[in-house]
Amino acid sequence: MFPNHSSLGCPPFPPKHQQQSNFLTKVPLNMLPTLVSRQHLIETEFNFQNAVAVLSGNLASTRDATLQPVAYVRGSPVHVSDSPTSFRGRKRRSEQSVPYDVKRHRLHSHHSETAVVNQAVLSPEEHRYSFPRSVQSPLFHAYHVPDLTGCVPLVRYTLFPESTEIALPMAKDKLSQQVLELFQACQQQTCDLHKKEVCRTQLQREIQRLFPHSKLFLVGSSLNGFGTRSSDGDLCLMVKEEPVNQKTEARNILSLVQKLFSTSLSTYIERPRLIRAKVPIVRFRDKVSCMEFDLNVNSVVGIRNTFLLRAYAYMEDRVRPLVLVIKKWASFHDINDASRGTLSSYSLVLMVLHYLQTLPEPVLPSLQKIYPESFDPTMQLHHIHEAPRTIPPYPSKNGSSLGELLIGFFKYYATEFDWSNQVISVREARAILRPDDSEWRNRFICIEEPFDRTNTARAVHEKQKFDLIRGLFLKVNIASCLIFPVTLVFKVVR
């Protein structure tokens, strides 16, 4: 009934027992936002930026971490920025201008965290909703305040079984330790997801005044297990079961949605903009949750791949930390922005999954091959959310540490993958030959979308951008071969 809740997709199997390393005994696995001190986060950023500098072969760029000014509003520390805090329709700051971790992060004291949760999870007695004229949603009748001792996917609804916690891998070397520190400091927290879910629920109610039979789905990194505290919300508005022409019908629907946001909801929705891309979206900011959202129409493949990626994210404990650190690395080097001709976050995730599938001892299998009935591209939408919960953990025989896998990732795309003739295919769990058609011919990077089999990397259409991306992989691979065998004594997976 409520297909896009975050407790789904985490298999109901207990995690395998793992001996904790010294690092993990010092840093709790289920680290609350309130338990992450500002100094710890700064140290994490510092350590990771040093690791990036080493990976890039630029040892001179390592530097001491410096404390930034902090202001306190009602006892809660917030970042002090020279730029205005209000949203004025400008493009969000790039990852390069915001230190690694923390684009729009908020670290609170215990009391302020409670206040955030009280705003995100509304009790029946409190009628403080994000939108006007709202009445109590049936979703909240089945809802109770989450146990904040854990992170996503520990958002719980009484309509569904509780999720099991996912243990993190052991830190076997210094690089693995840095990856885990960054992941724990930056991964999306339960309260972040709650705020997005509250906004989705209320937006759906208001949009149904225009389209009575429509449904609004939370999709993308917020729900697929690879989100960070800085992740925006992606929403898919399904107005009917049949496909929608994105150039005409979808734009007309979004124009009506934008008008609704600009008029009736203008007190709560800030500067909605219709962006006429190949898949048009309305981009807006919710003033109550202080989060930004992109809303599309009838992009069914986005709903399907959200739950496919969620199944991959929680079936092996090394997947999520590895994906997050590579996304941060790509953002640091300005190659993680499809609007600027580089790789989208979705493409980067598929690259990591493909690499983990192609190792001599795979870390991941092809879920679409093993469970074709669970990921049938023709499955009705109200059944899609059920599949990830039936997928057990994958018993990989690959014992590589996070650090080894990270270096192996760069080695694979620097020296082994044939960019000119091969397609990255998570569906097949291997590199396949490029088909001779317009979707793949004369493309610099080819990454197959697992369901509709289009090229998710078509945004990389300039040779200069492709050379930048490939050059970074080569640079990191050379640096790792010279430095890491000595400093971390790791074994490169061949």
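Up top you'll find the structure we're talking about.
Quick look at the structure, then. (Residues numbered from 1 in each chain as written. Predicted model: local features only at pLDDT ≥ 70, side-chain atom pairs only at ≥ 80, totals over all residues. Heavy atoms only, no water.)

**Some details on the packing of helix α6 (residues 190-207) against helix α8 (residues 249-262)**
- Running from N to C, α6 and α8 point in directions that differ by 110°, and their axes come no closer than 11 Å. Taken together, the axes of α6 and α8 lie roughly perpendicular to each other. Residues Leu-203, Glu-206 and Ile-207 of α6 form the contact with α8, whose participating residues are Val-257, Leu-260 and Phe-261.
- Considered class by class, the residues forming the contact of α6 with α8 number 5 nonpolar, no polar and 1 charged. (Axes fitted to C-alpha atoms, helices over the stretch in contact; angles between N-to-C directions. Helix = DSSP H or I, 4+ residues; strand = E, 2+ residues; numbered from the N terminus. Parallel < 35°, antiparallel > 145°, perpendicular 65-115°, else oblique. Contact = heavy atoms within 4.5 Å. Nonpolar A, V, L, I, M, F, W, Y, C, P; charged D, E, K, R; others polar.)

**So, the pairing of strand β4 (residues 233-238)**
- In terms of burial, β4 is a largely internal element, 5 of the 6 residues being buried.
- Pairing of strand β3 (residues 215-219) with β4 involves 5 bridges; the strand directions are antiparallel. Bridge pairing in β4 links Leu-218 to Leu-235.
- In this structure, β4 lies alongside strand β7 (residues 291-297), joined through 5 bridges in parallel fashion. Across the sheet, residue Gly-233 finds its bridge partner in β7, namely Phe-293. (Buried < 20%, exposed > 50% of the residue type's maximum accessible area, 1.4 Å probe, protein only. Pairing = 2+ DSSP bridges.)

**Some points on the side chain of Ser-214**
- Locating Ser-214 in the fold gives a position in the loop between α6 and β3.
- Residue class for Ser-214 comes out buried when judged on its relative accessible area of 1%.
- Within the structure, the side chain of Ser-214 is placed 2.7 Å from the backbone oxygen of Phe-211, a separation counted as a polar contact.
- Excluding its chain neighbours within four sequence positions, the residues that come into contact with Ser-214 are Ile-207, Gln-208, Leu-237, Met-238 and Val-239. (Polar contact = N/O pair within 3.5 Å; in protein donor to acceptor, adjacent residues only side chain to side chain.)

**Some thoughts on the nonpolar core**
- Counting residues in each nonpolar core, the largest one holds 66 residues, and the members touching the most others are Leu-343, Met-351, Leu-356, Phe-409, Tyr-413, Ile-445 and Phe-473.
- When contributions to this core are tallied by element, the ones reaching two or more residues are α5 (174-186), α9 (300-313), α10 (319-332), α11 (345-357), α14 (402-416) and α15 (463-487).
- Contacts of Leu-356, omitting those with residues within four sequence positions, involve Val-319, Leu-322, Pro-362, Val-363, Leu-364 and Leu-405.
- Listed in part, the 26 residues of the second largest apolar core include Leu-216, Leu-235, Ala-250 and Val-297. (Core = buried A, V, L, I, M, F, W, Y, C linked by side-chain atoms within 4.5 Å.)

**A closer look at the side chain of Asp-286**
- Within the fold, Asp-286 resides in strand β6 (residues 281-286).
- Among buried Asp, Glu, Lys and Arg side chains, Asp-286 stands out as unpaired, with Arg-285 the closest opposite charge at 8.1 Å.
- A distance of 3.3 Å separates a polar atom in the side chain of Asp-286 from the backbone nitrogen of Val-288. (Lys, Arg positive; Asp, Glu negative; His and termini not counted. Salt bridge = Lys/Arg side-chain N within 4 Å of Asp/Glu carboxyl O.)

**Re the sheet that holds β7**
- Read across the open sheet, the 5 strands follow the order β3-β4-β7-β6-β5; overall the sheet is mixed. For this open sheet the edge positions go to β3 and β5 (269-275), each flanked by a neighbour on one side alone. Each neighbouring strand pair of the sheet contributes to a mean axis angle of 25°, computed without reference to strand direction.
- Its contacts with the sheet place α9 against β3 and β4, and it is angled at close to 45° to β3.

**Brief notes about the packing of aromatic side chains**
- This structure, assessed with the given rule, holds 19 aromatic pairs.
- With a centroid separation of 5.9 Å and an interplanar angle of 50°, the aromatic rings of Phe-410 and Phe-473 are classed as tilted. Taken together, the residues span a long stretch of sequence, with Phe-410 in helix α14 and Phe-473 in helix α15 at a distance of 63 residues. Of the two residues, Phe-410 and Phe-473, neither departs from the other in class, the shared state being buried.
- An aromatic cluster is built from Trp-329, Tyr-355, Phe-409, Phe-410, Tyr-412, Tyr-413, Phe-417, Trp-419, Phe-444, Phe-466 and Phe-473, whose rings are joined through pairwise contacts. (Phe/Tyr/Trp six-rings, centres within 6.5 Å; stacked < 30°, edge-to-face > 60°.)

**Re the pattern of salt bridges**
- Evaluation of the coordinates by the stated rule reveals 15 salt bridges.
- We note a salt bridge from Lys-463 to Asp-467, for which the minimum N-O separation is 2.9 Å. Taken together, the residues span about one helical turn, with Lys-463 and Asp-467 both in helix α15 at a distance of 4 residues.
- Through salt bridges with shared partners, a single network forms among Lys-369, Arg-427, Glu-428, Arg-430 and Glu-448.

**Some details on α6**
- The end-to-end C-alpha separation of α6 is 26 Å, in line with the 26 Å expected for 18 residues at 1.5 Å each.
- Of all 18 residues that make up α6, 18 are buried, and the element is covered over most of its length. (Expected span 1.5 Å × (residues − 1).)

**Some points on the environment of Met-351**
- Here Met-351 shows up in helix α11.
- C-alpha separation for the pair Met-351 and Val-426, spaced 75 residues apart in sequence, amounts to 8.2 Å.
- In this structure Met-351 touches Leu-343, Phe-409, Tyr-413, Trp-419, Ile-424, Ile-447 and Phe-473, once residues within four positions along its chain are discounted.

**Some thoughts on the pairing of β6**
- The buried fraction of β6 amounts to 6 of the 6 residues, a majority that puts the element mostly inside the structure.
- Where β5 meets β6, 5 bridges bridge the pair, whose relative direction is antiparallel. When the bridges of β6 are listed, Leu-274 appears paired with Val-282.
- Here β5 folds back onto β6 in antiparallel fashion, the turn holding 5 residues.
- Strand direction decides the pairing type here: β6 and β7, joined by 5 bridges, are antiparallel. The residue bridging Asp-286 from the neighbouring strand is Met-291, located in β7.
- In textbook terms, the turn of a hairpin is the stretch between consecutive antiparallel strands, and for β6 and β7 this stretch comprises 4 residues, one of which, Cys-290, has a positive phi near 60°.

**Observations concerning the environment of Glu-361**
- Its place among the elements puts Glu-361 in the loop between α11 and α12 (367-370).
- Spatially, the C-alpha atoms of Glu-361 and Ser-400 are 9.7 Å apart, while their sequence positions differ by 39 residues.
- When neighbours within four sequence positions are excluded, Glu-361 is seen to be in contact with Lys-397 and Asn-398.

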